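# Notes for the structure review
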Amino acid sequence: MIELNELTDAAQKAFPAGSLSPSRDESWGLAAEMGWLMVRLPEEDGGLGFTREASTALHLEMGRVLAAMPLISAQLGLQAIAASHDFAERTDWLERLAGGEYAPLPMLSSKLTQGSDGTVSGTISGVFEGDMAVAVVAQLPGGYALVPLDAPGVSLVERPIWDPSRRLFDVVLDGFTPALMLTDAAGAKALHDRLSGEAQLALAADCIGAAGAALDMTIEYMKVRRQFDRPIALFQALKHRAADMKTRIVVAEALLWKRVRDESASVTELAAAKVLAAEAFRFVTEEMVQLHGGIGLTDEHPCHLFLKRALLNLQLCGNADLWNERVGRQALQT
Amino acid sequence: MAAPQGAHYGKVARNEDILRVWGIIPQNPSLLFPISPQRPAAVWTPRHPIGTDKDMTNDLEALQREVRSFLAAEAPTGWRDASRTQDDFVRTQRDWFGKLVRAGYAIPHWPAEYPGGGRSLAEQKVIYEELAGADCPRLLLSFVSTYHAFATLHECGNAEQKARYLPKILEGETWCQGFSEPGAGSDLAAIKTRAELQSRPDGDVYVINGQKVWSTMAQFADKCLLLARTSSDGVKQAGITYLLMDMKAPGVTVRPIHQIQGDEEFAEIFLDNVEIPASERVGEEGKGWAVAQATLASERGLTLMELSYRMRGALGRVAKLIRDHGHTEDRGVLRDFGVLVTQVDAVCAIADQFLDNRINGIERMGDASIVKNAYSRALRAYSALGLRLGGMDEQYVAPITFGDLNTGNWMADFMNSYAWTIAGGSEEVQRGIIAERMLDMPREPKGWVL
């Protein structure tokens, strides 16, 4: 078993801190080469069989460089297929995905209806880098299924988003006939909970990694930016804000690792870690723009990439209001 | 609507180049604080605490069972109701400390030659988790004795001082700390209390004049860890001497400080020609600042871990308010409660992580400051939500409970939460430590005068 820190070191070497938002396609090739798509796939399926600590460490690093490469969606799509032992083409698809094909899990909920003839119509939202995908893993009214993008009745529509570090697509179904069922309707709930919990941890890691990079960049800026004959890092009012940024990140990260290691944590508890991480990320990036002053408002400077990624992450897989309410409700019952 | 820009990954310039183009980094820089080409690894690397080995885990589980069975029989119940006055509080504290000493759980951090000592940090953590889980009274009255006085004497005291004082602590002798002064709070080295060495027929004494403040429960203390100034020459840290003072000595006057929530947790100590035998000095004259560091470093993390878990347990008090006031379907209230629950869970996680790192021998500058600020802010949020949900009911005076932070008297708890953002290094001091020691931000030049 590879040490977690080795994985982190390898990621930091492949994706150095200075190069933000690296080319998606080159990153994808690199990730496939290093086996990152397969980290969570059991060894008997040809994967690396790592724990969720390993994927968390990777997603942290991908957040740090604002990766566009859709590692989270890809790993979750792969896990969905791997968990579907009744799926006849399971082995074929696992092999195809191991070879670098992309079948993502969407990060937003779908609006779908099933016609009397069994065909499905509607919109599957939240498909990251959909132009790379051969299929998406979607929860259809009859259960989870693979939706090949070249199937009749399936079309892909880019939905331009403010976050320029990634691209998001809808998959529009119009009389689509599901053929590649992963679960039936009854089995969908269990798979959904499993994937949802994993998605929360992955997004939380993305937030923590990116927030740390945002803080580093802000501190560096404060050390070189001179006003009133001194670096602005010398002003106590600003130092204290930097300290609060650090505190928010470290505390959210501590909760993340605790929940990563807690195999019995509920989806709500995993989501709480994501909400705290995403809120910390948002706080840090708002401060980042403010503390950078004028240059933080320019499209040229990467500040806005962090801010926009934070605000998008907050909306993925359930927003803060939704999960905070559930956390409160759950705590009330115990 | 403005046209979204579309993805531009793979096209982002390096930060340094952008700053140079914009003239923020001068073309030919002679910078005071240059940009580091690569961030320091320590800031980034996520912590993956080394797993505990199997034998150790088994030992800890055995200890946990042992403490649990002791607490099942002996954990005090109803101690809150028995702590409505300061005197009753002191009595329950002394009883409970005595029981824990006899059971061997009062001083797990002491060396093995003392009964109940010689416990590893991991074992100490188990004991404190169990004490918090069973909602036992916190050991407040004996805290300075078993941590500050112990660490000072153990690390810096001479053999005679150790032999004289450490056993008495186990018999219930109580210590207080005479560090802060009206003019020396966050800037502790600025103390002005004087100690003057004078000859007496039966040996030299230090004659003390001055005033100490914010001394925790000094009104019940037998002895005091005292910092006093023997010299005003050189830097202010250099002239400080560390002394052990008898609180019954002539010239010592203690005045409890009435706090805003009705508690009297702290006191002022007035020192008027108090004589302390020179044999009661710890370390050399003028070297007291170094000794004081041993005092201040004596407790690192257990208290905040314990308090965090107690606050976690006390979330039930907020839940009860929500039910009692019929808010169980109020989504706004549920959200606010959810935010608090996550905040408290995260404080438990960071307090745990800090201790686990220490168990594995990892401690970095600023870690403790983060835990303290996270805890004290969560405590404020906890009591503020209780106060809000309690509404007007909380504005009528109700009895307070001494020695507890999460009592359900929400006004008292809310006001008491300020003790945690102010005492023990204020929130602002901690922020400075985080910024300067963790984030490596520049310190103000020495001798900065306004």
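In this text, all values refer to a predicted model and were calculated from it rather than measured experimentally.

### Re the sheet that holds strand S6 (residues 168–176) of chain A
All names here are of chain A. One open sheet holds the four strands; their spatial order is S1-S2-S6-S5, and the pairing between them is antiparallel. For this open sheet the edge positions go to strand S1 (111–114) and strand S5 (154–158), each flanked by a neighbour on one side alone. With direction set aside, neighbouring strand axes in the sheet form an average angle of 20 degrees. With four bridges connecting them, S1 and strand S2 (residues 120–128) associate as antiparallel partners. Bridged to Thr 113 within S2 is Ser 121.

### Things to note about the domain arrangement of chain A
All names here are of chain A. One can read the domain layout of chain A as domain 1 (4–98), domain 2 (111–183) and domain 3 (187–333). Once you take the C-alpha centre of each, domain 1 and domain 3 turn out to be 22 Å apart. Contacts between the two partners involve 19 residues from domain 1 and, on the opposite side, 21 residues from domain 3. Sorting the residues of the side of domain 1 that touches domain 3 by element identifies helix H3 (52–64) and helix H4 (71–82) as the ones contributing at least two each. Considering every element that reaches the side of domain 1 that touches domain 3, the biggest residue donor is H3, with ten residues. Its residues assigned to classes, the side of domain 1 that touches domain 3 shows nine nonpolar, six polar and four charged.

### Some thoughts on the domain arrangement of chain B
All names here are of chain B. Domain parsing of chain B yields domain 1 (78–170), domain 2 (175–293) and domain 3 (302–438). A C-alpha centroid distance of 32 Å is found between domain 2 and domain 3. On the domain 3 side, the residues contacting the six residues of domain 2 number eight residues.

### A closer look at the pairing of strand S4 (residues 223–229) of chain B
Residue and element names in this part refer to chain B. The element S4 is largely enclosed, with a buried count of seven among its seven residues. On S4, burial covers both faces: Lys 223, Leu 225, Leu 227 and Arg 229 on one face and Cys 224, Leu 226 and Ala 228 on the other are all buried. Of the pairings in the sheet, the one linking strand S1 (residues 175–178) to S4 comprises four bridges and is parallel in character. By the bridge assignment for S4, Gln 177 is matched with Leu 225.

### A short note on the UniProt feature "domain: Acyl-CoA dehydrogenase/oxidase N-terminal" (unreviewed entry) in chain A
Per the UniProt record, the feature "domain: Acyl-CoA dehydrogenase/oxidase N-terminal" (unreviewed entry) sits at residues 25–101 of chain A. As annotated, residues 25–101 of chain A has a helix share of 56% and a strand share of 0%, and its two end C-alpha atoms lie 12 Å apart.

### A word on the sheet that holds strand S3 (residues 135–140) of chain A
Residues and elements named next belong to chain A. With respect to topology, three strands assemble into an open sheet ordered S3-S4-S7, the strand pairing being antiparallel. The open sheet has two edge strands, S3 and strand S7 (180–181), and neither has a second partner. Relative to strand S4 (residues 143–148), S3 is paired through six bridges, and the arrangement is antiparallel. Bridge pairing in S4 links Gln 139 to Tyr 144. On the sheet, helix H6 (residues 185–224) packs against S3 and S4 and is oriented at approximately 85 degrees with respect to S4.

### With respect to the interface of chain B and chain A
Facing the 56 residues of chain B at the interface are 62 residues of chain A. Elements with a minimum of two residues in the side of chain B that touches chain A: helix H1 (15–21), helix H2 (41–44), helix H10 (315–324), helix H11 (331–359), helix H12 (367–390) and helix H14 (427–438) of chain B. Broken down by element, the residue count for the side of chain B that touches chain A peaks at 13 residues, all from H11 of chain B. Of the residues belonging to the side of chain B that touches chain A, the class tally is 34 nonpolar, 14 polar and eight charged.

### Some details on helix H9 (residues 303–315) of chain A
An α-helical turn contains 3.6 residues, so any two residues separated by three or four positions project in the same direction. All names here are of chain A. Three or more residues of H9 are buried, namely Cys 303, His 304, Leu 305, Phe 306, Leu 307, Arg 309, Ala 310, Asn 313 and Leu 314. Looking at the buried residues of H9, the elements they touch are H6, helix H8 (267–292) and helix H10 (320–333). Cys 317 sits one or two positions beyond H9 and adopts a positive phi of about 55 degrees.

### Quick word on the confidence of the model for chain B
Do not read the fine detail of predicted coordinates wherever pLDDT is low. All names here are of chain B. With 91% of its residues at a pLDDT of 70 or more, chain B has an overall mean of 88. Here H2 stands out as the least confident element of chain B, with mean pLDDT 32; strand S5 (residues 240–246) is the most confident, with 98. Low pLDDT, under 50, characterises residues 1–5; the stretch is placed with four contacts to residues that sit more than four places away or in other chains. Within the model, the stretch residues 29–52 combines pLDDT values under 50 with 32 contacts to residues more than four positions away or in other chains. Interface confidence in the predicted complex, given as ipTM, is 0.95; pTM for the same model is 0.90.

Cut-offs and rules
- For every chain, the first residue of the written sequence is number 1, and numbering continues from 1 along that sequence.
- In the order they appear in the text, chains get letters beginning with A and ligands get numbers beginning with 1.
- Local features in a predicted model are, by the rule used here, given only for residues with pLDDT of at least 70; side-chain atom pairs are given and counted only at 80 or more, and totals for whole chains, interfaces and linings are based on all residues.
- Pairing between strands is defined by DSSP: at least two bridges between the two strands are required.
- Under the scheme used here, helices are H or I runs from DSSP no shorter than 4 residues and strands are E runs no shorter than 2 residues, and both carry numbers assigned from the N terminus.
- Throughout, an axis means a line fitted to C-alpha atoms (over the contacting stretch in the case of helices), and angles, computed between N-to-C directions, take values from 0 to 180 degrees.
- All domain edges in this entry derive from an automatic or database-based domain assignment.
- Contact definition: two residues whose C-beta atoms, as placed from backbone geometry, lie within 7 Å.
- In this classification, Asp, Glu, Lys and Arg are treated as charged, Ala, Val, Leu, Ile, Met, Phe, Trp, Tyr, Cys and Pro as nonpolar, and every other residue, Gly included, as polar.
- Three classes are used. A residue is buried when 20 or more other C-beta atoms lie within 10 Å of its own, exposed when 12 or fewer do, and partly exposed in between, with C-beta atoms placed from the backbone.
- UniProt positions are given in the numbering used here, feature names are shortened, and annotations may be inferred rather than shown by experiment.
- What pLDDT conveys is the predictor's confidence in a given residue, as a value from 0 to 100.

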